[in-house]
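Architecture and fold: a report
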Amino acid sequence: MTPQPRKAGPIRCLLGMLGTDVHTKGIRTLAQLLRDRGVEVIYLGEHNTAQGMVSAMLAEDVDVVGLSFSTATYVHYTRGLLDAMKAAGVGDVPVMLGGLIHRDDETELKSIGVKGIFGPGSTTDQIMQFLEDITGKSLIRLRDNLA
Amino acid sequence: MTTSPDQPASAAADAIAAVRRGDIRGSARLISRIEADDESVRPLLRTLYLEGGATPVLGVTGPPGAGKSTLVDQVIARYRARALKVAVLAIDPASPFSGGAILGDRVRMGRHNTDAGVFIRSMSARGVLGGLARATGDCLIVLDAMGFDVILVETVGVGQNEIDIMRHAHTVLIVQTPAAGDAVQAVKAGILEIGDVFAVNKADTPGADRAAAALREAVEFRYDAHDVTAWHPPVLKIQASTGAGIDELLDAVDRHRSHSAAYPDQLRARLVKRARLQLAELVAATLRRRYILENDHDAKFERVLDDVVERRCDPYAAAERLLDKSP
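Residues numbered from 1 in each chain as written. Chains lettered and ligands numbered in written order. Predicted model: local features only at pLDDT ≥ 70, side-chain atom pairs only at ≥ 80, totals over all residues. Heavy atoms only, no water.

**Some remarks on the overall build of chain B**
Per the secondary structure count, chain B includes 11 helices and eight strands. For a compact globule of 327 residues, the expected C-alpha radius of gyration is about 20 Å, and chain B comes in at 22 Å, within 12% of that figure. Expressed as lengths along the three principal axes of its C-alpha atoms, the size of chain B is roughly 65 × 50 × 45 Å. Put simply, chain B has 327 residues, and 45% of those count as buried. Roughly 16,500 Å² of accessible area belongs to chain B as shown, and the carbon and sulfur atoms make up 55% of that amount. (Helix = DSSP H or I, 4+ residues; strand = E, 2+ residues; numbered from the N terminus. Rg over C-alpha atoms; globule rule 2.2 N^0.38 Å. Buried < 20%, exposed > 50% of the residue type's maximum accessible area, 1.4 Å probe, protein only. Areas by Shrake-Rupley, 256 points an atom, 1.4 Å probe, with all protein chains shown as cover.)

**Re the packing of aromatic side chains**
Each pair of aromatic rings is reported with the distance of its centres and the angle of its planes. Tallied over the full model, the rule gives three aromatic pairs over all chains. For the pair F69 of chain A and Y74 of chain A, a centre-to-centre distance of 6.1 Å together with 45 degrees between the ring planes defines the contact as tilted. Residue F69 of chain A is classed as buried on the basis of its relative accessible area of 0%. Measuring from ring centre to ring centre gives 5.3 Å for F118 of chain A and F130 of chain A, while their planes differ by 70 degrees; the resulting arrangement is edge-to-face. Of this pair, F118 of chain A sits in strand 5 (residues 116-118) while F130 of chain A sits in helix 5 (residues 124-135); the two residues are 12 residues apart in sequence, bridging distant segments of the chain. One residue, K85 of chain B, lies across the ring of F148 of chain B, its end atom 5.5 Å from the ring centre. (Phe/Tyr/Trp six-rings, centres within 6.5 Å; stacked < 30°, edge-to-face > 60°. Lys NZ or Arg CZ within 6 Å of the ring centre and 35° of its normal.)

**A closer look at the environment of E35 of chain B**
Of note, E35 of chain B is situated in helix 2 (residues 24-35). Accessibility expressed as a relative area gives 10% for E35 of chain B, which makes it buried. Along the primary structure E35 of chain B and V107 of chain B are separated by 72 residues, whereas in three dimensions their C-alpha atoms are 22 Å apart. Once residues lying within four places of it in the same chain are set aside, the contact partners of E35 of chain B are R12 of chain A together with R121, M123, S124, R126 and A135 of chain B. (Contact = heavy atoms within 4.5 Å.)

**Some remarks on the side chain of H168 of chain B**
The residue H168 of chain B is located in the loop between strand 5 (150-154) and strand 6 (171-176) in this model. Excluding residues within four positions of it along the chain, H168 of chain B makes contact with V57, L132, T136, G137, L140 and R274 of chain B.

**With respect to the interface of chain A and chain B**
Taken residue by residue, the interface counts 34 residues in chain A and 27 residues in chain B. Across the interface of chain A and chain B, roughly 2,300 Å² is buried in total on both sides, 53% from carbon and sulfur atoms. There are five salt bridges connecting chain A and chain B. Here R25 of chain B makes a salt bridge to D92 of chain A, at a shortest N to O gap of 3.4 Å. Here chain A and chain B share 14 residue pairs in polar contact (both at pLDDT 80 or more) between them. (Buried area = accessible area lost by both parts, 1.4 Å probe. Salt bridge = Lys/Arg side-chain N within 4 Å of Asp/Glu carboxyl O. Polar contact = N/O pair within 3.5 Å; in protein donor to acceptor, adjacent residues only side chain to side chain.)

**Focus on the pattern of salt bridges**
If you walk through the whole model with that rule in mind, you get 27 salt bridges over all chains. We note a salt bridge from R12 of chain A to E35 of chain B, for which the minimum N-O separation is 3.7 Å. With R12 of chain A in strand 1 (residues 12-18) and E35 of chain B in helix 2, this residue pair bridges two chains. Comparing R12 of chain A with E35 of chain B, the two get one shared label, buried. E281 of chain B is the salt-bridge partner of R167 of chain B, the closest N and O atoms lying 2.6 Å from each other. Residue R167 of chain B is found in the loop between strand 5 and strand 6, and its partner E281 of chain B is found in helix 9 (residues 264-293); the two are separated by 114 residues along the sequence. Judged by its relative accessible area of 46%, E281 of chain B falls in the partly exposed class. Among the charged side chains, a salt-bridge network with shared partners connects R12, E40 and E60 of chain A together with E35, R106, R121 and R126 of chain B.

**Digging into the sheet that holds strand 4 (residues 95-99) of chain A**
What the six strands build is an open sheet, ordered 5(A)-4(A)-3(A)-1(A)-2(A)-3(B); its pairing is parallel. With partners counted over all chains shown, the strands left at the sheet margins are strand 5 of chain A together with strand 3 (101-103) of chain B, one partner each. Within this sheet the neighbouring strands show an average axis-to-axis angle of 25 degrees, counted without direction. Where strand 3 (residues 64-69) of chain A meets strand 4 of chain A, five bridges bridge the pair, whose relative direction is parallel. Following the sheet pairing, V65 of chain A is matched in strand 4 of chain A by V95 of chain A. Each of strand 3, strand 4 and strand 5 of chain A touches helix 5 of chain A; the most contacted strand, strand 5 of chain A, lies at about 170 degrees to it. (Pairing = 2+ DSSP bridges. Axes fitted to C-alpha atoms, helices over the stretch in contact; angles between N-to-C directions.)

**Re the sheet that holds strand 4 (residues 118-124) of chain B**
Residue and element names in this part refer to chain B. Strand order in this open sheet of seven strands is 4-2-5-1-6-7-8, and the pairing throughout is parallel. For this open sheet the edge positions go to strand 4 and strand 8 (235-237), each flanked by a neighbour on one side alone. With direction set aside, neighbouring strand axes in the sheet form an average angle of 20 degrees. Pairing between strand 1 (residues 57-61) and strand 6: four bridges, direction parallel.

**Let's talk about the confidence of the model for chain A**
Here chain A averages 90 in pLDDT, while 90% of its residues score no lower than 70. Low confidence marks residues 142-147 of chain A, where pLDDT is under 50. Its contacts with residues over four positions away, or in another chain, come to seven contacts. (pLDDT = per-residue confidence, 0-100.)

**What to know about the packing of helix 2 of chain B against helix 5 (residues 136-145) of chain B**
All names here are of chain B. Two elements in contact, helix 2 and helix 5, have axes whose closest approach is 9 Å; the angle formed by their N-to-C orientations is 165 degrees. The angle between the axes of helix 2 and helix 5 places the two elements in the roughly antiparallel class. Along this stretch, helix 2 crosses helix 5, giving a crossing that reads as right-handed. For the pair formed by helix 2 and helix 5, the contact residues are S27, L30, I31 and I34 on the first element and D138, C139, V142 and L143 on the second. (Parallel < 35°, antiparallel > 145°, perpendicular 65-115°, else oblique. Left-handed = near helix turned anticlockwise from the far one by under 90°.)

Structural data, given as structure tokens:
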């Protein structure tokens, strides 16, 4: 493949939670922060299955997926999702994690294919930089165009 | 003949084949290219348009929080029980400041995520004000060609005048709530004029009977009771959260579809009106792009422009000159 220019259109990001975790405050906050930076967030909310999330990824043609966890089962659920993604042929879609992710688990998460980890203390700018780098898309700065 | 280096004919043929066999990822990517206004998809859309148009499109519209997504979830479940394959296009608004969006309609439809007979696509209106996205029409060409039995389009939560859905749906379903206002609201011009079927949702809350009666009176007033061929839009009370009244609502949608089939001239009039609006809009958009955005001025345009600036010609006559074939 020849080197690609920045891809067209806004970043489409799927956000959702797996399993029984119901702590949605964080992911809803992130959804709003991303919205305010020009991202199209496809918000799935809580209680998703890996299979359901993979179907949504396919139909929505997302550039990136974000998961949020506030319970200790995240390695298990993330592995399940990554496996289901590979099986469905969408293993190439990058996955990022946020929430209460322990530093000790970062190596394992990266080794199974997680591209970005944003635990407590992460800034919106760090997340945005990651999204632009990983998707190859530029943010549309509508406010600048209107000024 | 439409081959270009970016879009070899074989890639176009592959994309068309992917859509026709209902390939989810291929079709989803094509929809993204439509949203990005990628002109290389036009030859594909042309092919699909020429042989499409058979899939019924049910539009669901109404104010924010009226229960549109919850109703769509129920309708999907009913159609799946009839073994129909269902596509959903769910549109939410974009931020006027950042251009970003939170597309949250899927939250209410989560139980269908794992059903291979259901395809749900969320779309940002991307600044368009009529209740739909600019890509809606072209996206419907793709969904139509994918082989679904029915297509549902859920609009942005709308107010009084966002009526774009009438250009795309064979049947328009308007969802209201008992909080929609009094009998004066029901007789105002605008969105209530485009409904083929009306649902008063949240029928368990106070005022539901009165809201339904006000809507019914307003709807009956608009239709000539002596015209036996006219469609009389029914007004039904439902509870989308429990599913109460949804079967009766879908019976009404089916009756509207049978009515359209029984009076093909009425259906044709609807399609002609739709095509007329669409063409006028496309011509306007093409001219806007040509003359303003791309600054691609031909000699005639420059001459007319000059005549207007120098007051040799007034803008109305100048516009006429641009649209005709005269020099």
